[in-house]
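A closer look at the structure
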Amino acid sequence: MHGRMMFQPLLISNLLDHAARYHGDTAIISKNTDGSISKTDWTHVSENSKRFANALKNLGVQMHDRVATIAWNNHRHLESWYAISGSGFVCHTINPRLFPEQLIFIINDAKDRVVLFDKTFLPLITGVKAHIPQVEHFICLGAFDQDVADALPEVKFYDVLIAENSDQFEWPEFDENTASSLCYTSGTTGNPKGALYSHRSTVLHTYAICLPDSLNLSASDVMLPVVPMFHVNAWGTPYAAAMVGCTVVLPGPGLDGASLVQMIDEYKVTVALGVPTIWQGLLTAAKQAGSVLPSLQRNVVGGSACPPAMMKAFRDLFNCETIHAWGMTEMSPLGTSNQLKAKHRNLSEDEQFKIRLSQGRPPFGVDLRITTEEKGTTEVIRDGHNTGNLQVKGHWIISTYFGKDESALTSDGWFDTGDIASLNEDGYLYLSDRAKDLIKSGGEWISSVELENIAMGHPEIAMAAVIAAKHSKWDERPIVIAIKHKDAQITEEGLLEYFADKVAKWQIPDKAIFVEAIPLSGTGKMLKKDLREKYDSVLL
Ligand code: AMP
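Residues numbered from 1 in each chain as written. Predicted model: local features only at pLDDT ≥ 70, side-chain atom pairs only at ≥ 80, totals over all residues. Heavy atoms only, no water.

The protein chain goes by Long-chain fatty acid--CoA ligase in an unreviewed UniProt entry, where it is assigned to Acinetobacter chinensis. Per UniProt, the comment on the protein chain under Sequence similarities (unreviewed entry) is "Belongs to the ATP-dependent AMP-binding enzyme family." (UniProt positions renumbered as here; feature names shortened; annotations may be inferred.)

Turning next to the sheet that holds strand β11 (residues 247-250). Ordered by their spatial adjacency, eight strands build an open sheet running β2-β1-β11-β10-β12-β13-β14-β15, and the pairing between neighbours is mixed. The outermost strands of the open sheet, each flanked by one partner alone, are β2 (37-41) and β15 (334-337). Averaged over all adjacent pairs, the angle separating strand axes in this sheet is 20°, with direction ignored. For strand β14 (residues 321-327) and β15, the ladder comprises three bridges, and the chain directions are antiparallel. What sits directly across from Gly-327, in β15, is Leu-334. (Pairing = 2+ DSSP bridges. Helix = DSSP H or I, 4+ residues; strand = E, 2+ residues; numbered from the N terminus. Axes fitted to C-alpha atoms, helices over the stretch in contact; angles between N-to-C directions.)

What follows concerns the site of the ligand. Taken together, 16 residues surround the ligand, and among them Ala-325, Thr-329, Asp-419, Arg-434 and Lys-525 come closest. Interatomic distance of 3.0 Å between a backbone N/O atom of Gly-303 and a nitrogen atom of the ligand. Between the ligand and Ala-325 there is a distance of 2.7 Å, counted from a nitrogen atom to a backbone nitrogen or oxygen. Relative to its unbound accessible surface of 500 Å², the ligand loses 91% to contact with the protein. The set of elements that each furnish at least two residues to the shell around the ligand consists of β14 and β19 (429-434). Top contributing element to the shell around the ligand by residue count: β14, with four residues. (Near = heavy atom within 4 Å. Polar contact = N/O pair within 3.5 Å; in protein donor to acceptor, adjacent residues only side chain to side chain. Areas by Shrake-Rupley, 256 points an atom, 1.4 Å probe, with all protein chains shown as cover.)

Among the residues of helix α13 (residues 308-318), those classed as buried are Met-310, Met-311, Ala-313, Phe-314 and Phe-318. Looking straight down α13, one finds its buried side chains confined to an arc of 160°; they lie on one side. Packing partners of the buried residues in α13 comprise α12 (276-289), β13 (298-301), β14 and α14 (349-356). Where α13 terminates, the next one or two residues include Asn-319, which has phi positive at roughly 50°. (Buried < 20%, exposed > 50% of the residue type's maximum accessible area, 1.4 Å probe, protein only. Arc of directions from axis to C-beta. Contact = heavy atoms within 4.5 Å.)

This part is about the sheet that holds strand β9 (residues 194-198). Read from one edge of the open sheet, seven strands run β7-β6-β5-β3-β4-β8-β9, paired in mixed fashion. Because the sheet does not close on itself, it has two edges, and the strands there are β7 (156-157) and β9. As judged from the two bridges shared by strand β4 (residues 90-93) and strand β8 (residues 179-184), these two strands associate in the parallel manner. Pairing of Cys-91 across the sheet is with Ser-181, part of β8.

Given below as structure tokens:
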């Protein structure tokens, strides 16, 4: 016997309809590519989204066709990706920091028919255009621009299309399992692979990330997604913003600390989200600007481990609660987020802080387990110490990569994340490393993340990466590559001594190398693969 309740497919267009109907005058503030500010609201985002849906339809885009975006976080990008998914097309967000060869690979792999781009990325488009012949339309996200038209004669302009098209459009209704958007993994080895989300997985993920123990979002928030819309759909925040009807501040190209401080203070941002390297820049800039970021209640840190010193700085200097979260492209992305439980309330501040450093626990909809082997099914005991391969299962987790036939799962239906971690009795996740970043010294594993967290706790160190270097006796030994703060006096010996009372002696790095910059991936993570290539022979 079926329940006798209405059935409505879970569709992304419903989110925007809801925001327009119930939060129509809630502000959307957006920094344009030229640095100017646009102010709009959910009503106008919805209207423009419908205008753009009409424009795409008139261009002949069909159900399931891929429409790519290469753009900053701004209101045109927001309007267009609701138009794309809402119409039953697939919104393929592309990371503009990819190498041209990777860009060409993924545009062809996805068979994108249309590419939308911000003017900033015009050189990228003209550079790869000859290699992506199946792209039929290029649309520049802005007003008519002679320079763009000269460089790319067939280009269309978003603002012109918006002016030409009506805001009368009925979002089509279709199966909730229809594909909605496509993101490629960063692909540190081999070609990037696509994760193809569905309307259903996206809407369920959206419910979960809004929950109090996740990002705790509500209509009274002013959200600043610093994480780019091309990094797993800005972690799903533009969907969540429509679901709860909050104000969104879109930072455009202004991802440097000073621009972020200015946006947070001017628009009274209550919650901001990004990777640790972004927060490092913000901390320095806020101190320089003399701002204590009075409106900022919480910041969400994910993508890489949150260094304890960073969490402390946000707490002590800005009275801001840091929410540590973990996830990945294949998981839409949220897997866990960190909030305390009622039973932790009586713990000392230090003990609570220790728990808050963990990557957190899963919301309903994600299940975690740690296994002894990568493709194995034997579970490791949940005691907070024993580590193994982190595997996941749930409503918004990949089953098969885009364009591939073989399952991405273990024989019993779990996805192996490639992360090494432990779980404690309450399901709090402690990530020790990416499997490939672990250091194996004399047969024993050393976590690079743990050593990095220690190094970054040194007051004179701005950023640190720990990698394995080849060693004649121990096979591999840890070395630390670090950036000093301006005017810091710290020496190599000083930094290595700093580890002495914090880890076992055999885990202390063999060498510290000070550098001016550490290479970062397109999503702001330290590129340890590049560091290994450069430094892996320094101990030989
Ligand atoms: P991506 O798919 O590019 O978002 O990368 C996902 C990977 O980033 C995960 O598998 C982790 O290795 C890493 N990651 C994400 N969040 C965290 C976190 N809070 N702590 C440590 N590593 C993280």
